[in-house]
Amino acid sequence: MRRAALWLLCSFAFWGCKAMPETSKYEVGDYVVYKYYGSYRPEPVILTEKILSKAGNKLEILVEWKSGKESRSWKQFVTDTPFNRKNNVIDKLVKIENGKEIELPNKDNLDVFKLYEGTYLMPQRSPSLVKEEKTTVAIGKDSYPCRTRVYKTKVLGSHTEMTVTDSEEFKWTHVSSSYKVSKGGLIYAAEVLDHGNRK
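Below you will find a few notes about this structure. (Residues numbered from 1 in each chain as written. Predicted model: local features only at pLDDT ≥ 70, side-chain atom pairs only at ≥ 80, totals over all residues. Heavy atoms only, no water.)

Ordered in space as S6-S5-S4-S3-S2-S1-S11-S10-S9-S8-S7, the 11 strands form an open sheet in which the pairing is antiparallel. Two strands in the sheet have a free side with no partner beyond their single neighbour: strand S6 (100-104) and strand S7 (128-139). For this sheet, the mean angle separating the axes of adjacent strands, direction not counted, is 20 degrees. When strand S4 (residues 70-79) meets strand S5 (residues 92-97), the two strands line up antiparallel, connected through 5 bridges. Residue pairing across strands places Phe-77 opposite Lys-92, the latter belonging to S5. (Pairing = 2+ DSSP bridges. Helix = DSSP H or I, 4+ residues; strand = E, 2+ residues; numbered from the N terminus. Axes fitted to C-alpha atoms, helices over the stretch in contact; angles between N-to-C directions.)

As a further point, take the pattern of salt bridges. A complete count under the given rule lists 11 salt bridges for this structure. Here Lys-54 and Glu-27 are joined by a salt bridge, their closest N and O atoms 3.2 Å apart. You can see Lys-54 sitting in strand S2 (residues 45-55) and its partner Glu-27 sitting in the loop between helix H1 (2-12) and strand S1 (30-37), a full 27 residues away along the chain. Salt-bridge contacts for Asp-80 lead to Arg-85; the nearest nitrogen and oxygen are separated by 2.2 Å. (Salt bridge = Lys/Arg side-chain N within 4 Å of Asp/Glu carboxyl O.)

Here Arg-149 shows up in strand S8 (residues 142-155). A residue is classified by how much of its surface remains accessible, and Arg-149, at 12% relative accessible area, is buried. A polar atom in the side chain of Arg-149 sits 3.2 Å from the side chain of Tyr-151. At 2.7 Å, the side chain of Arg-149 forms a polar contact with the side chain of Asp-166. (Buried < 20%, exposed > 50% of the residue type's maximum accessible area, 1.4 Å probe, protein only. Polar contact = N/O pair within 3.5 Å; in protein donor to acceptor, adjacent residues only side chain to side chain.)

Turning our attention to the pairing of strand S10 (residues 174-181). Along any regular strand, the residues point their side chains to alternate faces of the sheet. The pairing of strand S9 (residues 158-166) with S10 spans 7 bridges and is classified as antiparallel. Paired with Val-164 across the strands is Ser-177, a residue of S10. Direction of pairing for S10 relative to strand S11 (residues 186-197): antiparallel, over a ladder of 5 bridges. In the sheet register, Tyr-179 faces S11, and the bridge partner there is Tyr-188.

A word on the environment of Ala-190. Tracing the chain through its elements places Ala-190 in strand S11. Since its relative accessible area comes to 3%, Ala-190 is described here as buried. A C-alpha to C-alpha distance of 9.7 Å links Ala-190 and Ile-46, two positions 144 residues apart in sequence.

Below, the discussion takes up the pairing of S5. With 5 bridges joining them, S5 and S6 adopt antiparallel strand pairing. Within S6, the position partnered with Ile-96 by the bridge is Glu-101. Hairpin connection of S5 to S6: 2 residues between the antiparallel strands, including Asn-98 at a positive phi of 55 degrees.

The tally for this structure, following the rule as stated, stands at 8 aromatic pairs. Here the aromatic rings of Phe-113 and Tyr-120 are separated by 5.5 Å at their centres, their planes lie at 70 degrees, and the arrangement is edge-to-face. Using a relative accessible area of 9% as the deciding quantity, one classes Phe-113 as buried. Judged by relative accessible area, which is 15%, Tyr-120 ranks as buried. Ring pairing ties together the aromatic residues Tyr-34, Tyr-36, Tyr-40, Tyr-179 and Tyr-188, which thus form one cluster. (Phe/Tyr/Trp six-rings, centres within 6.5 Å; stacked < 30°, edge-to-face > 60°.)

As structure tokens, this is what we get:
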């Protein structure tokens with residue numbers, strides 16, 4: 001189910017895997033903070049992504065992952081094109097340890113999967129679309145027109161309803177996601193805590 005997990009991770013990560021103009025819409029200082037929580041893990045994960053530099057459509061992104069007493073950070077160097085977003089292509093992946101930068105091989109995106117651990121779940125079957133609707137969602141002080149899709153799938157041995165909300169007008173695309181069991185128990189959720197520009 002690695003392909004399904006890649007699709008899910010791609011929907012959570014900064015580019016959202018959708019067709020966009022060749023010129024990157026991101027600017028230096030742009031950032032987003034996501035929270036991941038639910039019964040799938042004992043402590044929530046706080047993930048911050050920030051654009052450190054931009055040269056044309058080439059971006060340097062700092063990612064900071066925190067959960068309880070654990071933390072890690074790394075940089076992703078990407079060329080922001082529709083093909084690369086669709087295929088989750090990372091030009092270079094660098095882990096930061098004790099102030100030192102260590103480049104990782106990231107063969108088949110295995111290293112980036114490990115770094116993002118805790119921000120996604122691997123479905124046990126491919127999601128099946130149940131319905132799709134237009135919604136309006138408040139993110140901070142602003143409201144955005146969104147697309148909300150509901151799927152049926154299976155995760156952690158339970159049949160679940162997966163809900164994904166995204167917006168073409170929200171710079172980071174992904175707004176929220178969740179897995180819930182039929183009786184309403186929350187297994188997993190992701191939501192935006194903060195976003196903006198800090199140079």
